[in-house]
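What the coordinates show
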Amino acid sequence: MECESKMKVLITGGLGYLGSVMIGKLLDKGHKVRVLDSSIYGNFLGLAGKQVELVEGDIRDRRQLLNATSDVDAIIHLAGIIGDAAANLDKELTIRANCLATKRLAELCSRKGLRFLFSSTCSVYGARPNEVIRENSQIAPLSLYAMSKLIAEESIMKRCDNYVIFRLGTLFGLSPRMRFDLVINKFIAQAIQDAKITVYGGLQRRPFVHVQDVSDTFVKALTSDVKGTYILGGTNYRIQEAAEVIKQQTGCNVTVLNGMKDPRDYAVDSSLAEKVFGFKDIKRVEYAVDETKDAYARKVIRDYRESIFNNEEWLKSYGVKSVDHWLDRKIGKCTC
Ligand SMILES: NC(=O)c1ccc[n+]([C@@H]2O[C@H](COP(=O)([O-])OP(=O)(O)OC[C@H]3O[C@@H](n4cnc5c(N)ncnc54)[C@H](O)[C@@H]3O)[C@@H](O)[C@H]2O)c1
């Protein structure tokens, strides 16, 4: 049951692709927002940034976690090294950021009795080409990233009473902190900028969900008393179908290159989250095409190939192993 209370919320990773959109929704509902983020990819919050308390810090640091969780009612935990390619760059960093920091946050939540919302991924299910996945389907993560999110989920379930874990499909749509390493966003940008989409393989099915629809559901879940693990998958597309939708709207060409197989092949069922949280998969690929065209027209986006839009490329530009040292220099040596 939802109550309309206003909360003080800590959002880790609030400067990221999902967090930058979610913050606007939290503020619209009258919640107070504190952000803990190491600003690896910068800060694109704009005006919303003036209404939040920004703590530039590191979730791997015990002391900073303790300080950041003081006097809040709830935590939305989004921070980490995100995506298969980025997570493989420095495995130790990934484990410390995605698993150990989540364990510590879960301990703090449990001790302080805070509500805890966590963004996991449908990738924890791995490749299941012949079934529609539901919450209790078999888990089989295929990458370090997916495994790190699964380990994080287990820490939360073991320690917290008052938690919701959302397993998300691949996100798409416009955010102040844009990512073009997400397949739909990349296709849309290729269509607008190059008039040509290149699809690798493309028969694999994947669930895609708009970043705003996910943000709305997190905000609803914050003030609900529901607990547990839910899929927020969105619409299941074969990758080639998604490219065709964009082609219809933009008139671009689509080139399919065979021979490269993406093992992530699955479709999911989000009906439990629809029933429990009123999750609605409203904003479709067509909507994202329009908003991205508009961002190009306003020159907010000029070239989707810039490394800032790609987690792996941006982290590489710091030198793979030196991200860790860079964070230590920037934020202060970790006490982990
Ligand atoms: N984007 C997707 O398609 C998708 C799909 C499934 C699940 N998710 C989950 O949603 C969440 C948000 O993803 P996103 O796309 O916004 O990622 P993102 O990479 O854009 O954002 C991650 C944020 O975490 C911050 N961060 C990284 N390491 C940190 C550290 N040590 N201390 C403090 N802050 C740190 C970064 O600065 C960044 O702002 C993640 O938990 C991710 O696993 C995303």
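Up top is the structure.
Description of the structure in this document.

Calculation criteria
Residues numbered from 1 in each chain as written. Predicted model: local features only at pLDDT ≥ 70, side-chain atom pairs only at ≥ 80, totals over all residues. Helix = DSSP H or I, 4+ residues; strand = E, 2+ residues; numbered from the N terminus. Buried ≥ 20, exposed ≤ 12 C-beta atoms within 10 Å, placed from the backbone. Near = placed C-beta within 6 Å. Nonpolar A, V, L, I, M, F, W, Y, C, P; charged D, E, K, R; others polar. Pairing = 2+ DSSP bridges. Axes fitted to C-alpha atoms, helices over the stretch in contact; angles between N-to-C directions. Contact = placed C-beta atoms within 7 Å. Parallel < 35°, antiparallel > 145°, perpendicular 65-115°, else oblique. Left-handed = near helix turned anticlockwise from the far one by under 90°.

**Section: unusual backbone geometry**
If you check the backbone angles, D71 has positive phi at about 50 degrees while not being a glycine. Topologically, D71 is positioned in the loop between α2 (62-68) and β4 (74-77). Judged by the 9 C-beta atoms lying within 10 Å of it, D71 is exposed. Residue K299 is not a glycine yet carries a positive backbone phi of 65 degrees. Looking at where K299 falls in the secondary structure, it is placed in the loop between α10 (285-297) and α11 (311-317). Under the C-beta neighbour-count criterion, K299 is labelled exposed, with 7 such atoms within 10 Å.

**What about the site of the ligand?**
Among the 30 residues in the neighbourhood of the ligand, the closest are listed as G13, G16, Y17, S119 and L171. Those elements that provide at least two residues to the shell around the ligand are α1 (17-28), β5 (115-121) and β8 (170-172). Here the shell around the ligand takes three residues from α1, the largest share from any one element. Here the shell around the ligand is composed, by residue class, of 14 nonpolar, ten polar and six charged.

**A look at the sheet that holds β8**
Taken in spatial order, the three strands make up an open sheet running β8-β10-β12, and their pairing is mixed. Of all the strands in the sheet, just β8 and β12 (235-238) have a single pairing partner and so form its edges. When the angles between neighbouring strand axes are averaged without regard to direction, this sheet yields 45 degrees. Here three bridges tie β8 to strand β10 (residues 205-210), and the two strands are oriented parallel to one another. What sits directly across from F172, in β10, is H210. Of the strands in this sheet, β8 and β10 are in contact with helix α7 (residues 211-222), which crosses β10 at around 70 degrees.

**Quick look at the sheet that holds strand β7 (residues 163-168)**
Here seven strands make up an open sheet; going across it, the order is β3-β2-β1-β4-β5-β7-β11 and the pairing parallel. In the strand order of this sheet, the two ends are held by β3 (53-56) and β11 (228-232), each with one partner. On average, adjacent strands in this sheet sit at an angle of 20 degrees to one another, irrespective of strand direction. Judged from the four bridges that link them, strand β2 (residues 32-37) and β3 form a sheet pairing that is parallel. The residue bridging D37 from the neighbouring strand is E56, located in β3. In this fold helix α5 (residues 144-159) packs onto β5 and β7, with an angle of close to 155 degrees to the strand it touches most, β5. On the sheet, α7 packs against β1 (8-12), β4, β5, β7 and β11 and is oriented at approximately 155 degrees with respect to β5.

**Section: the environment of R63**
Its location among the elements puts R63 in helix α2. Residue classification places R63 among the partly exposed residues on the basis of 13 C-beta atoms within 10 Å. As a C-alpha pair, R63 and F44 span 19 residues in sequence and 26 Å in three-dimensional space.

**Describing the packing of helix α4 (residues 91-112) against α5**
The N-to-C vectors of α4 and α5 enclose an angle of 15 degrees; their axes lie 9 Å apart at closest approach. Classed by the angle they form, the pair α4 and α5 counts as roughly parallel. When you trace α4 past α5, the crossing you get is right-handed. Here α4 contributes K91, T94, I95, N98, C99, T102, K103, A106, E107 and S110 to the contact with α5, which in turn contributes L144, S148, K149, I151, A152, S155, I156 and R159.

**Thoughts on the environment of L272**
Among the secondary structure elements, L272 is positioned in helix α9 (residues 271-277). In this structure L272 comes out as partly exposed when scored by C-beta crowding, with 17 C-beta atoms within 10 Å. C-alpha separation for the pair L272 and Y230, spaced 42 residues apart in sequence, amounts to 6.9 Å. Non-local contacts of L272, meaning those with residues more than four positions away in its chain, are made with E135, Y230 and I231.

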